[in-house]
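# Understanding the architecture of this molecule
Take a look at the letters that make up each chain.
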Amino acid sequence: MVKTETEEKNWVGRPVPRKEENRLLRGRGKFADDIKLRNMLYLGFVRSSYAHARIVAVDTSRAQARKGVVSVLTGPEIASETQPFLEIGPEPCAKIKDYPLAVSKIRYQGEPVAAVLAESPALAVDAVELVDVQYEPLDPVVDVEEALKDESVLHEEAATNRVWRGVFEYGNVDQAFAEAAYVVDIDRLHFHRFSSTPLETNVILAQWDGKDERIYYWCNNSFPSFAIQFLAAHLGVPIDRIRVETSDIGGSFGIKITSYPQMAVCALASRKAGGRAVKWVETRSEHMLASAHGNERTFRRTRVALDRQGVITALVSEHLDDCGAYPRYEPLGCVIWSQVFPGVYRFRNARIDFTQAVTNKCPVGPNRGYSRMQHLWFLERVVDICAHQLAIPADEMRLRNYIRREEFPYTTPNGCVYDSGNYAKMLDVAKALIGWEEWKKKQASAREEGRLIGIGIGTTLDSGTNNFGQSQIVNPAAPFSGNSQGANCKLDIYGEVVVAVGSCPQGQGHETTAAQVVADVLNIHPDTVTVRTGFDTERNVHTGFSGTYASQFAVSGLSAVHGAAQKLKHEMTRLAAFALQASSDDLEFGSGSTGPEIRSRSTGASINYWGLSNIVNVNSAVLPPELHDITLNCRYVWRAPFKVPDKEKKYGSLTLTYASQLHIAVVEIEPETFIPRILDYAAVDDCGTRINPPIVEGQVYGATAHGIGAALMERCVYDSLGNMLTSTFSDYTPITAMNMPNVKYGHIETPSPHSYSGAKGMGEGGAAPLHAISAALQDALSARGIVIADSFNNGDSLFRALAEQKSGQGTKPVKVERRS
Amino acid sequence: MYTAAFEYHRASSLEEAATMLSQIGEGAKILAGGQSLIPLMKLRLAAPSHLIDIGFTSGGSYIREEGRLLRLGALTSHAEIELSPVAQRIAIVHDCAAGIADVQVRNRGTIGGSLAEADPSGDWATALLALSAEVHLISPAGERTLALDDFIKDAYTTALRSNEVIAEIRVHVPDAGSGGAYICLKRAAPVYATASVAVELKLEGNVCRQPAIVLGCVGLRPIRVDGAEAALRGREIDDVALEAAGEAVRVAADPESDMRGSAEYKRTVAGALVKRALRAALGRARGEIVETSHLYA
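Note that this is a predicted model, so its numbers are computed, not measured.

## Description of the layout of surface pockets
All names here are of chain A.
- One number sums up the size of the second largest pocket: a volume of about 1,500 Å³.
- The wall of the second largest pocket is formed by 50 residues, among which Ala789, Asp790, Asn793, Ser797 and Arg800 lie closest to the centre.
- The set of elements that each furnish at least two residues to the lining of the second largest pocket consists of helix H6 (144-147), strand E8 (182-191), strand E13 (296-306), helix H12 (372-389) and helix H22 (795-807).
- Sort the elements by how many residues they give to the lining of the second largest pocket and H22 lands first, with 7 residues.
- Counted by class, the lining of the second largest pocket contains 18 nonpolar, 17 polar and 15 charged residues.

See the structure below:
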């Protein structure tokens, strides 16, 4: 296709090399632990070895006596000086008292009991061992169904382990079941607990400055505007007193959103130490044990109604979410899954009874694919299991049930609006990439040899730019709704174009994509645009939603950048019209011999950016009064066009854009060792208009790696006493490049009508590999009557499943009622 | 990740290290490559009060073939063995060295350190027990040589006296017509294996002589499987014999369930691995070039 001139001019959509690469690839990035302050102290946490216990006594005397130890903080001391953290949920959740150090009870292994402050990090670890804590063990609860029996209650003030419960019901479920040709019952499905293990662990440097009563943070929290709202209320300080700066961040995947309890301890420790700065660098074991894990979810008593053609007409199910010991970001996950209520499918009648409970395990936090991936995995399992039961091929089953291209924008049963998509086309592209027909033949001949090969499809959604109004579905009194993002675009005194955003990227390439957007607005080269990323309260561009999370920068962040650049362009136009004595219609933006400039088409006269800025900033006596409003320093806040959802009906638009992914995995269960081997893999992505294709592709590979790791290698395991068995990388084996198959990448673009550029938020990836690999294993084993009911599978679990099936011990987890 | 405080001593020779050991006594630990000891100290699972670093001694790292003996200095790194043309002639030695953890660990870790630690999941003890290997020890009181089987006592327990250090590992070069292989199943390169199997055998025509089969990671110390050896000894190794060896291995393995796998799975894996290792060993005994690799789950 011949490109038109306008397309050629656009920077958006081009594979612009990443601006941040120069710094990061040369080892010149600045990460939180690179920052060192004079007289800095180091903090170490004393952590509980029990999962559930009463604290009988904490004796800090031996630690205090140690040379180099400055002080020791304990839970009761903190509780006497602070308010418990805000709880997002209503009662009983609201009754939970969450302090950053355990006050009287331990609720998960690794929970901090005390914090020591010492002159060196090694001394801090030494002193941690000198704090003597006496515990009285209590019965631990590590299973969500056990927890809901309330036989051993974690938070006595709440009197129950249940955090939240709500029924999401739409359409006419009873009628659909009455009319169904088939009803499939699936007793239990389980989505396992894992984490995305960012390369850089949590790091906090805090200083409570007594002179100006301000609290300074240099850290790698990935949603600072959320953290400061929790911190201000907890510490009882005006929010303006808290300054948070982030710099380069080595991955978060959401896990770093919930570091605010540790942030609170560091600030309080600094205050206790007379304002000396306090640094805490989390060890890998601490990170695995006690930062945050992804949500674990159990799906009970699922019933699916289908018509004669295998089209799903209704679904009922009970979902039990395990949020670990403290809700923290929860119970938001109790509604966030409903952004993708029907997944990619057309069914209109459904009832999902959703319950969340606390257990004696590490608190959960948003983790790449947060809350939606559990639900999407569930739906993909339902579709595959029904397909196998009704002997409908997996691809055909999906085509019969997918939302159709012509139905977009598609309003889901719960009022979400899917902006655009073409799932059937993605399936075609993925099948072509993987060589579907070829693999079907190979699979058939391999089966004759007794080999177990499966081909699985995972279709998933990555919903981005969420409506915080959904918090009111979990708590009608929650004061949040909508979504916004701020940006500032200015000509600095010498005319440099500088953009500041409120995001804190962790590899998403915001410096590059923001520069591309501004370059298009001003018709300049992206290299001439400086982008300041990293959160800084004092840059004053952030809104209450600023941060980097939930697949939204391409929409919310870049819309704000675009708006700010438009505002600046408008001011520059007015100023240039005055300077060049030309009409604004006569002006064009471009670059001349002295760099970026504005020209008069008729006279050829031009003024460069230095000249423009000069008039406003340092030569302002020449400026006529009618231009006095011009600052060349333009802040713009973009607001998502959301309404508050209907809290009673749990109905409304919960997310602005819906990127979609379709993965196909070909997996063989190796003879004798039962190791699942990925033989072939295709990943097709649709995130609307791609602003920077290589960045999109990189995100797809990263999300694919996380998903494959989660499906086959990574899980957080607790024993029945609540001991975490996977607190090092020897036991929790994160995926590395060596474990990655060769991924065949493809993409389609269905531009979003909901964003100015047609782009959709992306990056989380919807955990497509979990869906595709479970489906492939199901396909490999369905002839043996085995149902893949868990999102984690490895050689051991497959060996045991086959052994149980062989010995006839396997239960029949699926029943089919055929009415016709 | 900070260790507890310790005194650091740098030995100029292995002899000096042995003297330091006897002078300091309790609480002293030898530091060689540090690939197990340092992580344990950082996790504070080990807290020796004195570390005697032998990494700066000279002459402790070598690979020499003298007659029918392969002599490996205790400080020889896994990588040096992996890349040594001399050591490569004993296939099982090369398999073991090349498959240990990752490149970083292989560059730093030493064969002597691995044997001295006697981790039931370590590689070298299992691989070398399938050969005829000895450990040469020195102390201020003198020197002695122990068969490896006598050296490894139990999990993390060796015959090393408190003033002894390993100076050399001696491996008898197998006869012509021999072949061996060492294969592990690991969940990822840097982690301990789920199960490992070492096989060494000799062929006379098609008849198997002197089979040695050793299992690692499935008991408190490497397990020599007499039953499997008996199933192979003096006969042609066909599928029936392989199955019999696999079954004997499954029975002999004595694993614990842990994060690496359930006990029953580990048993099954050991049985599967022994068949793979035997096939590779047979090929090698026949003079074929057989590439093997650990299985990564």
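## Structural notes on the environment of asparagine 619 of chain A
- With respect to the helices and strands, asparagine 619 of chain A occurs in the loop between helix H19 (609-617) and strand E25 (633-639).
- Once the C-alpha coordinates of asparagine 619 of chain A and lysine 279 of chain A are considered, the two residues, 340 residues apart in sequence, prove to be 45 Å apart.

## Notes on the packing of helix H18 (residues 553-580) of chain A against H19 of chain A
Residue and element names in this part refer to chain A.
- Look at H18 against H19: their axes get within 10 Å of each other, and the N-to-C directions meet at 90°. Between H18 and H19, the angle is such that the two are roughly perpendicular. Residues Met572, Leu575, Ala576 and Ala579 of H18 lie in contact with H19, whose contacting residues are Tyr609, Leu612, Ile615 and Val616.
- Class assignment of the residues belonging to the contact of H18 with H19 gives a composition of 8 nonpolar, no polar and no charged.

## A look at the sheet that holds strand E2 (residues 53-59) of chain A
Residue and element names in this part refer to chain A.
- Read from one edge to the other, the open sheet built from 3 strands follows the order E4-E2-E6, with strand pairing classed as antiparallel. Strands at the two margins of the open sheet, each flanked by one partner only, are strand E4 (105-106) and strand E6 (132-137).
- The pairing of E2 with E6 spans 6 bridges and is antiparallel. Paired with alanine 57 across the bridge in E6 is glutamine 134.

## With respect to the domain arrangement of chain B
Residue and element names in this part refer to chain B.
- Domain assignment breaks chain B into domain 1 (7-52), domain 2 (63-172) and domain 3 (182-296).
- With centres defined by C-alpha atoms, the gap from domain 1 to domain 2 works out at 18 Å.
- Between domain 1 and domain 2, the contact holds 12 residues from the first and 16 residues from the second.
- Counting across the domain 1 and domain 2 interface gives 0 salt bridges.
- Applying the counting rule to domain 1 against domain 2 returns 1 residue pair in polar contact (both at pLDDT 80 or more).
- Of the residues contributing to the side of domain 1 that touches domain 2, the split by class is 6 nonpolar, 5 polar and 1 charged.

## Re helix H12 (residues 263-285) of chain B
- Over its 23 residues, H12 of chain B runs 32 Å from end to end, which matches the ideal 33 Å to within 8%, given 1.5 Å per residue.
- Once H12 of chain B ends, the next one or two residues include glycine 287 of chain B, with phi positive near 90°.

## A word on the side chain of aspartate 95 of chain B
Residues and elements named next belong to chain B.
- Mapped onto the elements of the fold, aspartate 95 is located in helix H5 (residues 91-99).
- Among the residues examined, aspartate 95 registers a relative accessible area of 9% and is labelled buried.
- Here arginine 284 takes part through its side chain, which lies 2.8 Å from a polar atom of the side chain of aspartate 95.
- Non-local contacts of aspartate 95, meaning those with residues more than four positions away in its chain, are made with Gly180, Ala181, Tyr182, Arg284, Thr292 and His294.

## Re unusual backbone geometry
Residues and elements named next belong to chain A.
- Here the residue pair glutamate 91 and proline 92 is connected by a cis peptide bond, since its omega of 5° sits within 30 degrees of zero.
- Tracing the backbone shows proline 92 in the loop between helix H4 (75-81) and E4.
- Put simply, glutamate 330 and proline 331 share a cis peptide bond, and its omega is 5°.
- Relative to the helices and strands, proline 331 resides in the loop between strand E14 (312-322) and helix H11 (333-336).
- For serine 551, which is not glycine, the phi torsion reads 45° and is therefore positive.
- Relative to the elements of secondary structure, serine 551 occurs in the loop between strand E21 (529-532) and H18.
- Despite not being glycine, lysine 650 has its phi angle at roughly 55°, a positive value.
- The residue lysine 650 is located in the loop between E25 and strand E26 (655-669) in this model.
- Judged by relative accessible area, which is 14%, lysine 650 ranks as buried.

## Concerning the interface of chain B and chain A
- The interface of chain B with chain A comprises 24 residues on the first partner and 30 residues on the second.
- Between chain B and chain A lies a buried interface of about 2,200 Å² when both sides are counted; carbon and sulfur atoms form 60% of it.
- Looking at the side of chain B facing chain A, the largest losses of area belong to Arg44, Met259 and Tyr265 of chain B, adding up to 30% of the total buried there.
- Summed over the shared surface of chain B and chain A, the result is 4 salt bridges.
- The closest approach of N and O atoms between arginine 276 of chain B and glutamate 670 of chain A, which form a salt bridge, is 3.3 Å.
- The interface formed by chain B and chain A includes 9 residue pairs in polar contact (both at pLDDT 80 or more).
- At the level of secondary structure, the elements contributing two or more residues to the side of chain B that touches chain A comprise H12 and strand E15 (295-296) of chain B.
- If you tally residues by element for the side of chain B that touches chain A, the top one is H12 of chain B, at 6 residues.
- Looking at side-chain class alone, the side of chain B that touches chain A contains 14 nonpolar, 4 polar and 6 charged residues.

Reading guide: rules and limits
- Residues numbered from 1 in each chain as written.
- Chains lettered and ligands numbered in written order.
- Predicted model: local features only at pLDDT ≥ 70, side-chain atom pairs only at ≥ 80, totals over all residues.
- Heavy atoms only, no water.
- 1 Å grid on protein atoms, 1.4 Å probe; cavity = no way out; pocket = protein on both sides within 12 Å on 5 of 7 lines; lining within 4 Å.
- Points joined across faces, edges and corners; volume = space filled by probe spheres on them.
- Helix = DSSP H or I, 4+ residues; strand = E, 2+ residues; numbered from the N terminus.
- Nonpolar A, V, L, I, M, F, W, Y, C, P; charged D, E, K, R; others polar.
- Axes fitted to C-alpha atoms, helices over the stretch in contact; angles between N-to-C directions.
- Parallel < 35°, antiparallel > 145°, perpendicular 65-115°, else oblique.
- Contact = heavy atoms within 4.5 Å.
- Pairing = 2+ DSSP bridges.
- Domains from an automatic or database assignment.
- Salt bridge = Lys/Arg side-chain N within 4 Å of Asp/Glu carboxyl O.
- Polar contact = N/O pair within 3.5 Å; in protein donor to acceptor, adjacent residues only side chain to side chain.
- Expected span 1.5 Å × (residues − 1).
- Buried < 20%, exposed > 50% of the residue type's maximum accessible area, 1.4 Å probe, protein only.
- Buried area = accessible area lost by both parts, 1.4 Å probe.

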